[in-house]
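Here is how the chains run, residue by residue.
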Amino acid sequence: MCLAIPSKIVEILDNNIAIVDTMGVRRKASLELLNPKPSVGDYVLLHVGFAIEVLSEEDALESLKLFEEALDYENEFEL
Amino acid sequence: MKTNLNSKEVILKAKNKIIQKIEKLGKPIKVMEFCGGHTHAIMRYGIDKLLKGYIEFIHGPGCPVCVASMDRIDLAIELAKIPNTIFTTYGDLLRVPGSYRKSLLDIRALGCDVRSLYSCLEAFDIALQNPNKNVVFFAIGFETTTPPTSVLLKKAKEHKLKNLFVVSNHVMTLPAIRYILNSGISHIDGIIGPGHVSVITGMKIYEEFDIPIVISGFEAFDILKAINMLLDQRIKGERKVENAYTRAVTEEGNKEAQKLIEETLDIREDFNWRGIGNLPKSALKINDDYEMFDAEKVFDVKLPASKEHPLCICPKVITGVSKPIDCKLFGNICTPENPIGSCMVSSEGACAAYYKYQEVELCM
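Reference entry: report on the structure contained in this document. All values derive from a computational prediction rather than experimental measurement. (Residues numbered from 1 in each chain as written. Chains lettered and ligands numbered in written order. Predicted model: local features only at pLDDT ≥ 70, side-chain atom pairs only at ≥ 80, totals over all residues.)

## Details of the overall build of chain A
Right, on to step 1. Of the regular secondary structure elements, chain A holds 1 helix and 5 strands.
Right, on to step 2. Walking chain A from its N terminus toward its C terminus, one meets helices and strands in the order β-β-β-β-β-α.
Right, on to step 3. In chain A, which comprises 79 residues, the proportion classed as buried is 42%.
Right, on to step 4. Once local pairs closer than 6 in sequence are excluded, the contacts in chain A between residues at least 24 apart make up 33%. (Helix = DSSP H or I, 4+ residues; strand = E, 2+ residues; numbered from the N terminus. Buried ≥ 20, exposed ≤ 12 C-beta atoms within 10 Å, placed from the backbone. Contact = placed C-beta atoms within 7 Å.)

And the structure:
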């Protein structure tokens, strides 16, 4: 339930809605919980369709790397 | 090439470090991971087996589906049965059996309009598209999931929607931690603090506790780092709040989200948690400014007396008193395909995590 995945903002639409890229998947996300508002290119932590925090690029890439490694890890151990 | 932080080598190195520290302490320790997401990760990576004999994990109540009491599930089912209603909620809740062994999915099969949402704002769109129907959003979740409900309420008011109603079952982390620590039901040496709850609340909220707390992310590397920091505190005799998830968690948290919660929700006097029972001032209700959207005020639902399955030990699993394998139903009668209790439904529930990962043998 509390899963949140780093996602990159690729476009900002009207009404505080952005298109974000989450590990290659594009979807809509609400920016209502962020003040100041992020910009295109920023990384955010996405939870149930809402950006809940802006991440530095370095931290976002680190988180994504851990995510991808977790997937590799599942393959390696055949989970 | 950079080191893979979740690799077997890194994990084994972290394990050795942890074991050295436990030997220095001279006794195994009990660590409670509050959040169900952490329970899932600990099982998924086999960290519990990796550190068996050194660290005992007490699984905390931080799984919103698990702690939803039977009377709340019964309320959801009765609301969904009201004619002309579109009932919406987050996915996991649909499979939790109510008092009479029927779940929301079961009543959907009988013709009720029950829908699962990814984002609660979908409920707003559904209400706009169906002006002749009442749309109910049954909101569950801890602090991470609360601010989106606040946004939904604000949007509903802004657009003067007359057919959208919300049930707030939002619960709070601190009263649950307080309960676990004060009730003495389980001795705990340190707490792995919730990662994404803390993104919203900030880490300063935990300062009242006189126990080592380390906020953690959700990968193997994050959890092992948090355990190492907890052990360092134990060795030095410290009891403070530390942050092992600096990628996302700050001291103050997300102030905009906190403001939205304050503007739309109030603290309930009482709220019933599965496994805990009534816990005063532990949950949030819709405030007077938004009461026209409060399904609990608008709909007069008569609930039959709720009852738990007599053999299900979810209430004890939620508070860390028992482990899933102590349950007679575990894995035979109660499975993720046919769950009897809520802890087997949500992937963050301890029973579901044990069931899925019981065969995981890592680095043994």
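That was the structure; now back to the text.
## Side note on the packing of helix α7 (residues 121–129) of chain B against helix α8 (residues 146–158) of chain B
All names here are of chain B.
Right, on to step 1. Here α7 crosses α8 at 25°, and the two axes come no closer than 9 Å. Comparing their axes, α8 and α7 come out roughly parallel. Counted together, Leu-121, Ala-123 and Phe-124 of α7 and Leu-152, Lys-155 and Ala-156 of α8 form the full contact between these two elements.
Right, on to step 2. Classifying every residue of the contact of α7 with α8 by side-chain character gives 5 nonpolar, no polar and 1 charged. (Axes fitted to C-alpha atoms, helices over the stretch in contact; angles between N-to-C directions. Parallel < 35°, antiparallel > 145°, perpendicular 65-115°, else oblique. Nonpolar A, V, L, I, M, F, W, Y, C, P; charged D, E, K, R; others polar.)

## Section: the environment of Ile-11 of chain B
Right, on to step 1. Within the secondary structure layout, Ile-11 of chain B lies in helix α1 (residues 8–25).
Right, on to step 2. Taking the C-alpha atoms as reference points, Ile-11 of chain B and Ala-220 of chain B, 209 residues apart in sequence, are found 7.5 Å from one another.

## Things to note about the interface of chain A and chain B
Right, on to step 1. Contact with chain A, which involves 26 residues of that partner, is made by 39 residues of chain B.
Right, on to step 2. At the level of secondary structure, the elements contributing two or more residues to the side of chain A that touches chain B comprise β4 (43–47), β5 (50–55) and α1 (57–76) of chain A.
Right, on to step 3. Considering each element in turn, the side of chain A that touches chain B owes the most residues, 7 residues, to α1 of chain A.
Right, on to step 4. Across the side of chain A that touches chain B, the residue classes tally to 16 nonpolar, 5 polar and 5 charged.

## Regarding the sheet that holds strand β2 (residues 55–62) of chain B
Residues and elements named next belong to chain B.
Right, on to step 1. Strand order in this open sheet of 5 strands is β2-β1-β7-β8-β9, and the pairing throughout is parallel. Two strands bound the open sheet, and with one partner strand each, they are β2 and β9 (241–243). In this sheet, adjacent strand axes meet at a mean angle of 25° when their direction is disregarded.
Right, on to step 2. Direction of pairing for strand β1 (residues 29–35) relative to strand β7 (residues 190–193): parallel, over a ladder of 3 bridges. Each residue of the ladder has a partner; that of Met-32, found in β7, is Ile-191.
Right, on to step 3. Of the strands in this sheet, β1, β2 and β7 touch helix α2 (residues 36–44), which is tilted by about 125° from β1. (Pairing = 2+ DSSP bridges.)

## A short note on the packing of α2 of chain B against helix α15 (residues 350–357) of chain B
Residues and elements named next belong to chain B.
Right, on to step 1. Where α2 meets α15, the closest approach of the two axes is 9 Å, and the angle between their N-to-C directions is 15°. Classified by the angle between their axes, α2 and α15 sit roughly parallel to one another. Between α2 and α15 lies a crossing whose hand is right-handed. The residues of α15 that touch α2, namely those facing Thr-39, His-40, Met-43 and Arg-44, are Ala-350, Ala-353, Tyr-354 and Tyr-357.
Right, on to step 2. Looking at the contact of α2 with α15, its residues break down into 5 nonpolar, 2 polar and 1 charged. (Left-handed = near helix turned anticlockwise from the far one by under 90°.)

## Focus on the environment of Pro-28 of chain B
Right, on to step 1. With respect to the helices and strands, Pro-28 of chain B occurs in the loop between α1 and β1.
Right, on to step 2. Assessed through the 14 C-beta atoms surrounding it within 10 Å, Pro-28 of chain B is described here as partly exposed.

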